[in-house]
Amino acid sequence: MMLNRSCVELDRLVDRFRSGRGGSLVVRGEAGTGKTRLLDQAVERAPECRIVRVAGVESERELALAAMLQLCEPLLDDLEGLPLPQADALRTAFGLRTASFPDRLLLGLAVRSLFARAAEQQPLICVVEDAQWLDGPSARLLAFVARRLDPLPVGLVFATRERREEFVGLADVEVEGLSELEARLLIDTAIPGACDEEVRARIVAETAGNPVEIIELLTSLRPAHIASGYGAPNSFPLPAPMARSFSSRLERLPADARTLLLVAAAEPLGRPDLLWRAADQLGIPAVAVVRCQDDGFLRLDGGLVRFRHPAMRSAVYGEATPTERRQVHRALAAAADPQSEGERHAWHRAEATSVPTEELAAALQQLAYQAQDKGGFAAKAALLDRAAALTPDAARRSRRLLAAGQAKLAAGVPDQALALLAGIDCQLLEEPGCSQLEQLVARAVAAQRGGPDAPAVLLRTAKRLRALDAELARDTYLDAFEAAMQTGGVDSDSTVALAASDVGTVLPAAAAQPTAPPAVAAAPKTRQAVDFLLDGLASLFAEDYPSAVPALRVALRELSLRADNRWLSLGATVASDLWDDRTSRALATRQRESALRAGALGGLHPSLGMLAQSSILAGGFAEASDLIEQAGPAASDPANVSLRCAELMLAAFRGPQARQLLEDEISQGQGRLVAFAHEMRAVLENSLGNYREALTAAESAVTYRQVGASDRAMAELVEAAARCGERQTGEAVLQRLSQRTQLCGTDWALGIEARSRALLSEGQAADQLYQTAIERLARSSVSTALARAHLVYGEWLRREGTRMQARIQLRTALEMFRAMGALAFAERAERELLATGERVRRPEDALGIHLTSQEAHISQLARDGHSNSDIAAKLFLSPRTVEYHLRKVFKKLAISSRNELHRALPASGARTWGPALEARSGQGELELRRSGT
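These numbers come from a predicted model, not from an experiment.

**Thoughts on the pattern of salt bridges**
Between side chains of opposite charge, pairing is possible as soon as their charged atoms come close.
Item 1. Taken as a whole and assessed by the stated rule, the structure comprises 46 salt bridges.
Item 2. The salt bridge involving Arg400 is made with Glu358; its shortest N-O contact spans 2.8 Å. Of this pair, Arg400 sits in helix H19 (residues 394-410) while Glu358 sits in helix H18 (residues 358-389); the two residues are 42 residues apart in sequence, bridging distant segments of the chain.
Item 3. Overall, the relative accessible area of 5% leaves Arg400 in the buried class.
Item 4. With a relative accessible area of 23%, Glu358 lands in the partly exposed category.
Item 5. Close ionic contact of Arg818 with Glu830 constitutes a salt bridge, the shortest N to O distance being 3.4 Å. In this pair, Arg818 is assigned in helix H40 (residues 803-820) and Glu830 in helix H41 (residues 823-835), connecting sequence segments 12 residues apart.
Item 6. In this structure Arg818 comes out as partly exposed when scored by relative accessible area, which is 21%.

**A few points about empty space enclosed by the protein**
Item 1. Going through the model one piece at a time under the given rule, you end up with eight cavities of 30 Å³ or more.
Item 2. The volume enclosed by the second largest cavity comes to roughly 180 Å³.
Item 3. Lining the second largest cavity are 17 residues; nearest its centre among them are Leu617, Phe653, Arg712, Glu716 and Arg788.
Item 4. Among the elements of the structure, helix H31 (641-654), helix H33 (672-688), helix H35 (712-724), helix H37 (747-759) and helix H39 (783-799) are those that each provide at least two residues to the lining of the second largest cavity.

**Describing the side chain of Arg755**
Item 1. You can see Arg755 is positioned in helix H37.
Item 2. No salt bridge forms around the buried Arg755; measuring N to O, its nearest opposite-charge neighbour Glu719 is 4.5 Å away.
Item 3. Once residues lying within four places of it in the same chain are set aside, the contact partners of Arg755 are Ala715, Glu719, Ala773, Ala785, Arg788, Ala789 and Val792.

**A short note on the packing of aromatic side chains**
Item 1. The tally for this structure, following the rule as stated, stands at eight aromatic pairs.
Item 2. Each ring, one from Phe653 and one from Phe825, has its centre 6.1 Å from the other, and the planes form 35°; the classification is tilted. On the criterion of sequence distance, the pair formed by Phe653 in helix H31 and Phe825 in helix H41 is long-range, its members being 172 residues apart. The same class applies to Phe653 and to Phe825, which are both buried.
Item 3. Aromatic side chains Phe817 and Phe825 sit 5.1 Å apart centroid to centroid with 15° between the ring planes, which places their arrangement in the stacked category.
Item 4. One aromatic cluster is present, formed by Phe621, Phe653, Phe817 and Phe825 through successive ring pairs.
Item 5. In this structure, Arg148 packs its charged tip against the face of Phe144, placed 3.9 Å from the ring centre.
Item 6. Directly above the ring of Phe297 sits Arg249, whose terminal nitrogen or CZ lies 4.7 Å from the centroid.

**A short note on the sheet that holds strand S2 (residues 50-55)**
Note: strands within a sheet are paired through backbone hydrogen bonds, in either parallel or antiparallel orientation.
Item 1. One open sheet holds the five strands; their spatial order is S2-S3-S4-S1-S5, and the pairing between them is parallel. The two strands at the open ends of the sheet, each matched to only one other strand, are S2 and strand S5 (172-174). Averaged over neighbouring strand pairs, the angle between their axes works out to 15° when direction is ignored.
Item 2. Pairing of strand S1 (residues 23-28) with strand S4 (residues 154-160) involves six bridges; the strand directions are parallel. Paired with Val27 across the bridge in S4 is Ala159.

**Examining the pairing of strand S3 (residues 124-129)**
Item 1. Here S3 lies mainly inside the structure; six of its six residues are buried.
Item 2. Residues of S3 alternate between two faces, with Leu124, Cys126 and Val128 on one and Ile125, Val127 and Glu129 on the opposite face, all of them buried.
Item 3. The sheet contact formed by S2 and S3 spans six bridges and is parallel. When the bridges of S3 are listed, Arg50 appears paired with Leu124.
Item 4. Pairing analysis gives five bridges linking S3 to S4, with the strands arranged parallel.

**Description of the nonpolar core**
Item 1. The biggest cluster of nonpolar side chains holds 160 residues, and the ones touching the most others in it are Leu533, Leu537, Val574 and Phe817.
Item 2. Among the elements that make up this core, the one with the highest residue count is H18 (11 residues).
Item 3. Counting residues in each nonpolar core, the second largest holds 45 residues, with Ala87, Phe94, Leu114 and Leu152 among its members.

**Side note on H40**
Item 1. Over its 18 residues, H40 extends 25 Å from the first C-alpha to the last, a length consistent with the 26 Å expected when each residue adds 1.5 Å.
Item 2. Listed as buried for H40 are Ala806, Arg807, Gln809, Leu810, Thr812, Ala813, Leu814, Met816, Phe817 and Met820.
Item 3. Looking one or two residues beyond H40, the residue adopting positive phi is Gly821, at roughly 100°.

Rules of the game
For every chain, the first residue of the written sequence is number 1, and numbering continues from 1 onward in sequence order. Since the coordinates come from a predicted model, pLDDT governs what is reported: local features require at least 70, and pairs of side-chain atoms require 80 or more to be given and counted, while whole-chain, interface and lining totals use all residues. In computing side-chain properties, one takes all heavy atoms of the structure into account and sets aside hydrogens as well as water. Any carboxyl oxygen of Asp or Glu within 4 Å of a side-chain nitrogen of Lys or Arg constitutes a salt bridge here. The helix count covers DSSP runs of H or I at least four residues long, the strand count covers runs of E at least two residues long, and both are numbered beginning at the N terminus. Under the scheme applied here, a residue whose accessible area is under 20% of the maximum for its type counts as buried, over 50% as exposed, and between as partly exposed, the area being computed with a 1.4 Å probe on protein chains only. Put plainly, a pocket is an open set of points on a 1 Å grid over the protein atoms alone with protein on both sides within 12 Å along at least five of seven lines, a cavity is a set where a 1.4 Å probe fits but cannot get out, and a lining residue has an atom within 4 Å of a point. Grid points are joined across faces, edges and corners, and a volume is the space filled by probe spheres set on the points. Charge assignment in this entry is limited to Lys and Arg as positive and Asp and Glu as negative, and neither His nor the chain termini are counted. The criterion used for residue contact is that any of the two residues' heavy atoms lie within 4.5 Å. Centres within 6.5 Å are what make two rings of Phe, Tyr or Trp a pair, Trp counting through its six-membered ring; a difference in plane orientation under 30 degrees is then read as stacked, over 60 as edge-to-face, and the rest as tilted. The rule for a charge over a ring is simple: NZ of Lys or CZ of Arg within 6 Å of the ring centre, and within 35 degrees of the ring normal. Paired strands, in this sense, are two strands between which DSSP finds at least two bridges. Interaxial angles span 0 to 180 degrees and are taken between N-to-C directions of axes, which are lines fitted to C-alpha atoms, for helices over the stretch in contact. Only buried Ala, Val, Leu, Ile, Met, Phe, Trp, Tyr and Cys residues count toward a nonpolar core, and they belong to the same one when joined by side-chain atoms within 4.5 Å. One less than the number of residues in a helix, times 1.5 Å, gives the span that helix is expected to have.

Written out as structure tokens, the structure reads:
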């Protein structure tokens, strides 16, 4: 058993709480293994802490934020002390004000701030039992908060029977069953008389050492059976000890008490007022409550009605007949206020009937669209599914199932979407319903299967839809192209490329490709962003890059200006492939915000991946890591291509430990991921100075015929070829790279081209190209490329014999790489800098290198005159948290007050790195200075 370790971990956590620090712990174990007792003991060790306990309820998993409301309700008196945006976010989420549902990130920060505010007077411990039954939005918010508690005197402890993907990464311990010796000791302690040895051994085996199951079983058995043996020695009938135990005990209760238990089992919140009102509706006397408590079924704990063990709730509900369940749900519906508790009222009404009723089905349908604001598409789908089941008219039922399937697909669960869509009779749907059904099935199949077959599935559907619904056909073609770009299952000779010629049949008449740049060519009114996007991608798959780029640039501009969020993820991917860093990040940010608001996991994961890649390229490795972490286990799923690419990119830029990860992806992956892994292998080997290996990897990436694969591999190949003396190879690839970068025309593209051309040039031409590359890349957000431009320029200057100028460039590159965490590139810059005769300080010698990003931000605001309250409001923290961070900063900088921050930190507005360039008049050298921007 791992009980001892669990006790130790809980003790450590409690000690952290008592010392003013926070943290979280997930205690896992099957029902009855002693999790609750462990939590009780931990709470008893912290009498000075404020305790808030809640429990997840199985029947409430589809009710969004139900558990979060339970947890936060005792703390709402502290709401007034929160920054106004956070306070309003909580009021909206909990139905205390009417407004658009808040952003999930803001809501998470608000919950964290509420906990921090509540803990200012005394440490706070939140205990969440039965976390396996938490509704999804509550689980995600609590996990978000749990990862950000370290500086706060707040603890979050979860008890759960099974792993939840939301809790991946949190500290956890597992509580297993008792050992055989411990179980035997428990049996001897629990029974007053003798116990047959074979009975004892059978009980231990059947219960797997589960202490609650052992006690429940012993309670149900007669002493004579325990002493003399339960049945014949070779035919010991204990198929389900827990179920039989509960069933036997329930049978001995009076009918009123059993009905009261059923009401408590059906009412997931455990609210006494609702339970008593429902009991009144059913005519249950008060004495039934006493009987349930005396018999150990129910207890009143912290203002909640609780079963002594969660298994009892399931057993009570499972033992009841459908008629009995409907009876108590009817009473609970009558007890719930239709105005203030409309969602619960409608849900209980739905559970109280088995007869299809349009009035109730319509109410659930309306409720589904309201629930989407709080619980996202998953909650919407569950309610629509229930509404469909209660719909008497077959055609209307099919339409509701169609809407439920669409919601499931948006929620990122294509297998469940297919299950719902399979129940639809297409003949009952009128157009465009039939076409929508066919498209949804194709999208769900493609999302479920993934891989290189997905584009073909979508293409077949798109072709069938052309004659039925041009708009749906257009969208399905785009789905196919997006799948092809992500999965990489096609090249220019594939069916997708051949299908590119078909898209003209679904485009508006004014769909001629633009011949002027998007800055001067306005889109015709009859065309939408989606038309330009489809037009451009069709040209791209037909390998007509000169025609593709203008159309795609117009599409990106239109997507940036329009409110439609349907194709933001695809747009972000296209923008990145066109070297448009800022548009890619802007579209991915909008997609993430839209997905968070709507609870659409299907759109969230791609946006997180694109944002993480953007952050890495901008040098924000810590931010990228946090974005990848937000995706949880989905980040490692090959189906989430953009997230997986972000993981590979981050590992490659961080250093040599990425080699095995990249090799595994190359050997086991497929499509775009393989091409991207080759590209990242080239980045890694270039950073290490292994140029021959980098050349081989880059050649594999460039020659991999993959539409939508990054052209950035060409730049890696040029650098490796130049260092290996393969000038002819480098020039051939540079010509291809230049054709594309010139068409794209962004500072990122032209800066990369200039850097690549400089690597193959000599003399004054090379010097001018290096300067052009730095000037261009400094205007982009791609700081990794800028740092590498400084690096290769410095290397060139050193070989030209201009050491002083080389030191300026190499020192800048080294500082930038260290600040990012690009360790291998930093070591390469350090080696070059040492070769110039420069003495290089180690990172630990540099002032401010010890400060975390949060500490640096807070200290800069404090230096600029902001009070702790102002900083707290700006950063969505509590003033106490700000004070905590400042104390750590003072200690690290060896100062005693905020007045000394002016001399200990750079001047206001100074950046850690990111130099601007100023050409000295009449001289051929560059002077670097802090940009101040």
